[in-house]
Amino acid sequence: MPRALITGITGQDGSYLSEFLVSKGYEVFGLVRRTSADPLERINDIVKEGSITLLSGNLRDLSTIRLAMEKAKPDEVYNLAAMSHVGVSFDCPDETWEVNYYGVGRVINEALRVNPKVSIYQASTSEMFGSTPPPQNEQSNFAPVSPYGESKLKAHNDFVKQYREKHNVFVCAGILFNHESPRRGKQFVTRKVTNSLAKIALGLQENFAVGNLEATRDWGFAGDYVKAMHSMLQQDKPEDFVIATGKSHSVRQLIEVGAKALNLDLHWEGSGLDEVAKDSSGVVRVKVDKKFYRPVEVDDLRGDSSKAQKALGWKPEVSFDQLIEMMVKADYDSLKKEIGTDEGKVGK
Ligand code: NAP
Ligand code: GDD
């Protein structure tokens with residue numbers, strides 16, 4: 001039975017990946033930090049089944065990673081742990097670099113110490129492309145514009161490319177474009193929008209505010225993307241792959257698709273910071289607030305995943321509309337369950 005260690009197992013991707021690897025017959029170990037706000041929120045079911053072993057550790061703390069590696073003795077390591085919020089990285093650059101750069105070195109070095117033949121996946125990101133215009137693929141220039149993107153790029157260059165080319169280590173980076181799900185953190189724009197719209201539909205909230213409506217992202221489904229992580233480690237030689245849908249949508253379109261899924265009839269009025277979306281009764285449901293703008297924005301991301309489609313046989317299965325509908329429905333159903341009512345209040 002192959003053994004896999006996942007850092008960041010409590011996050012969105014870690015939860016889907018752990019389920020996928022268990023379904024493939026892996027013995028799965030997950031690194032969990034003691035300060036995790038709600039470590040079991042996304043992995044409760046699989047932990048209850050007794051299918052995975054949780055080990056205490058923090059990417060900032062070498063000794064904890066060392067102990068975890070010694071216990072897990074992994075054949076495969078998936079390094080998903082990160083300070084993953086781009087906006088927050090401008091406020092917390094030190095924490096960002098500590099986890100997203102130095103932490104990666106700690107994980108890779110300790111994994112190699114217990115098993116020199118280990119296969120390692122590093123969670124690189126489309127944020128590394130920054131201001132490079134789309135479509136972005138493995139040959140595109142990297143031009144990050146945030147501490148998050150910069151720290152991820154330096155980890156990519158120093159610990160993925162260098163270790164592979166100079167030290168012959170089996171380490172691959174997935175350059176993943178945005179991927180979402182009902183398990184996405186509520187501080188990311190898709191989940192913030194689907195959760196807020198569901199609350200509006202249930203009469204729990206009057207409106208919400210967002211930042212840049214025009215930024216576009218290539219949004220796919222996280223459940224599809226974790227399969228690509230696994231495939232990369234099953235190749236004969238380690239390589240990096242862009243994983244993306246090839247289609248991009250704006251934050252404005254995201255709100256429109258989410259509202260439609262809830263039969264909320266929204267229309268836009270005004271412009272710039274004064275722009276709002278009103279419902280058919282003229283009630284303001286969406287506002288724009290400067291505080292949600294980034295100091296520097298990545299305007300446009302759209303990936304070209306043809307290399308992965310050809311070499312890994314990977315392709316996205318869930319469309320943008322299906323993804324947002326899935327997220328809206330999950331938020332609506334769970335909120336409805338929480339408040340114990342079958343009746344929405346919007347439109348009544
Ligand atoms: P996420 O939901 O924010 O999960 C991040 C995980 O990292 C959580 O389990 C968190 O644990 C853990 N973590 C943070 N700091 C840590 C530390 N100091 N020590 C140990 N664990 C720590 O992120 P995600 O969306 O699943 O993304 C997974 C990875 O893919 C990240 O590296 C992210 O940067 C990268 N990525 C994501 C996307 C995307 O669109 N989702 C795209 C490209 C790349 P706690 O529960 O304790 O907070
Ligand atoms: N979070 C957030 N909140 N973003 C907003 C908001 C808001 O209220 N309003 C507009 N946006 C815009 C952001 O400015 C950005 O252009 C876009 O929505 C997406 O923001 P996020 O959902 O926070 O994701 P991200 O693209 O910055 O980062 C995610 O994807 C990266 C891959 O490209 C994260 O998952 C990163 O970890 C990942 O590497």
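In this numbering scheme, every chain counts its residues from 1 along its sequence in written order. Chain letters start at A and ligand numbers start at 1, both assigned in the order the entries are written. The predicted nature of this model means local features are confined to residues of pLDDT at least 70 and side-chain atom pairs, given and counted, to a pLDDT of 80 or more, with totals for whole chains, interfaces and linings taken over all residues. Values shown for side chains rest on all heavy atoms present in the structure; no hydrogens or waters enter the calculation.

Visitor: Just to check I follow, could you spell out the sheet that holds strand 15 (residues 284-288) for this structure?
Guide: Think of a sheet as strands paired side by side through backbone hydrogen bonds, with each pair either parallel or antiparallel. A pair of strands is treated as paired once DSSP finds two or more bridges between them. Think of it this way: any DSSP run of H or I at least four residues long counts as a helix, any run of E at least two long counts as a strand, and we number them from the N terminus. Strand order in the open sheet made by the four strands is 8-15-14-13, with mixed pairing throughout. Each end of this open sheet is capped by a strand with a single partner; those strands are strand 8 (208-210) and strand 13 (267-269). Neighbouring strand axes in the sheet, compared pairwise and without regard to direction, differ in orientation by 25 degrees on average. Packed onto the sheet, helix 7 (residues 189-201) meets strand 8 and strand 15 and runs at close to 160 degrees relative to strand 8. What counts as an axis is a line fitted to C-alpha atoms, over the stretch in contact for a helix, and the angles between N-to-C directions run from 0 to 180 degrees. Here, residues are in contact when the closest pair of their heavy atoms is within 4.5 Å.

Visitor: What exactly am I supposed to notice about the site of ligand 1 here?
Guide: Near ligand 1 you find 25 residues, and of these Thr10, Arg33, Asn58, Ser84 and Tyr148 are the closest. One of the backbone nitrogen or oxygen atoms of Gln12 is found 3.0 Å away from an oxygen atom of ligand 1. Residues adjacent in sequence count toward polar contacts only when both atoms are side-chain atoms; beyond that, a polar contact is any pair of N or O atoms within 3.5 Å, and within protein one must be able to donate a hydrogen and the other to accept it. Interatomic distance of 2.8 Å between a backbone N/O atom of Asp13 and an oxygen atom of ligand 1. The protein chains shown are the only cover counted for residues, whose accessible areas, like all others here, come from Shrake-Rupley with a 1.4 Å probe. Coverage of ligand 1 by the protein chains reaches 90% of its 900 Å² of free accessible surface. Those elements giving two or more residues to the shell around ligand 1 turn out to be helix 1 (12-23), strand 5 (119-125) and helix 6 (147-167). A per-element tally of the shell around ligand 1 places strand 5 first, with three residues. Here the term charged refers only to Asp, Glu, Lys and Arg, the term nonpolar to Ala, Val, Leu, Ile, Met, Phe, Trp, Tyr, Cys and Pro, and the term polar to all other amino acids, Gly among them. Considering only residue class, the shell around ligand 1 consists of nine nonpolar, eleven polar and five charged. Neighbouring residues are identified by heavy atoms, a residue being near a molecule or strand if any of them is within 4 Å of it.

Visitor: Even after reading the chapter, I still don't get the packing of helix 7 against helix 11 (residues 320-339), so can you show me in this structure?
Guide: Two measures define how a pair of helices packs: the angle their axes make with one another and the distance between the axes. Across the interface, helix 7 lies against helix 11 with an axial gap of 8 Å and an inter-helix angle of 50 degrees. Taken together, helix 7 and helix 11 sit at an angle that is classed as oblique. In the packing of helix 7 onto helix 11, the handedness of the crossing is right-handed. For the pair helix 7 and helix 11, contact is made by Thr190, Arg191, Thr194, Asn195, Ala198, Lys199 and Ala201 and by Ile324, Met327, Val328, Asp331, Tyr332 and Leu335, respectively. Class assignment for the residues of the contact of helix 7 with helix 11 results in seven nonpolar, three polar and three charged. Angles are sorted into four bins: roughly parallel if under 35 degrees, roughly antiparallel if over 145, roughly perpendicular if 65 to 115, and oblique for all others. We call a crossing left-handed when the near helix sits turned anticlockwise from the far one by less than a right angle, and right-handed when that turn is clockwise.

Visitor: Would you mind showing me how to read the sheet that holds strand 1 (residues 3-7) here?
Guide: Here we have seven strands laid out as an open sheet, ordered 3-2-1-4-5-6-11, and parallel in their pairing. Whereas interior strands pair on both sides, the edge strands pair on one side only; in this sheet they are strand 3 (52-56) and strand 11 (241-243). Going from strand to strand, the sheet's axes swing by 20 degrees on average, the running direction of each strand aside. With five bridges connecting them, strand 2 (residues 27-32) and strand 3 associate as parallel partners. Within the sheet, the bridge partner assigned to Leu31 lies in strand 3 and is Leu55. Its contacts with the sheet place helix 6 against strand 5 and strand 6 (170-176), and it is angled at close to 150 degrees to strand 6.

Visitor: I would appreciate a short explanation of the domain arrangement of the chain in the present structure.
Guide: Size of an interface, as often reported, equals the accessible area lost when the parts are brought together. Where each domain begins and ends is defined by an automated method or by a domain database. For the chain, the assigned domains read domain 1 (3-180 + 219-243) and domain 2 (189-217 + 249-298 + 318-339). The gap between the C-alpha centroids of domain 1 and domain 2 is 30 Å. With 13 residues of domain 1 at the contact, the number on the domain 2 side is 17 residues. When the two sides are added together, the surface that domain 1 and domain 2 hide from each other amounts to roughly 1300 Å², 70% of it contributed by carbon and sulfur. Just to be clear on terms, a salt bridge is a Lys or Arg side-chain nitrogen sitting within 4 Å of an Asp or Glu carboxyl oxygen. At the surface where domain 1 touches domain 2, the tally comes to one salt bridge. What counts as buried area is the accessible surface, traced by a 1.4 Å probe, that two parts surrender upon association, with contributions from both included.

Visitor: Before we go on, may I ask you to explain the packing of helix 3 (residues 62-72) against helix 5 (residues 93-114) in this structure?
Guide: Where helix 3 contacts helix 5, the axes come no closer than 9 Å and their chain directions differ by 35 degrees. Classified by chirality, the crossing of helix 5 by helix 3 is right-handed. Judged by residue contacts, Leu62, Ile65, Arg66, Met69 and Glu70 of helix 3 engage Arg106, Val107, Glu110, Ala111, Arg113 and Val114 from helix 5. A class-by-class count of the residues in the contact of helix 3 with helix 5 yields six nonpolar, no polar and five charged.

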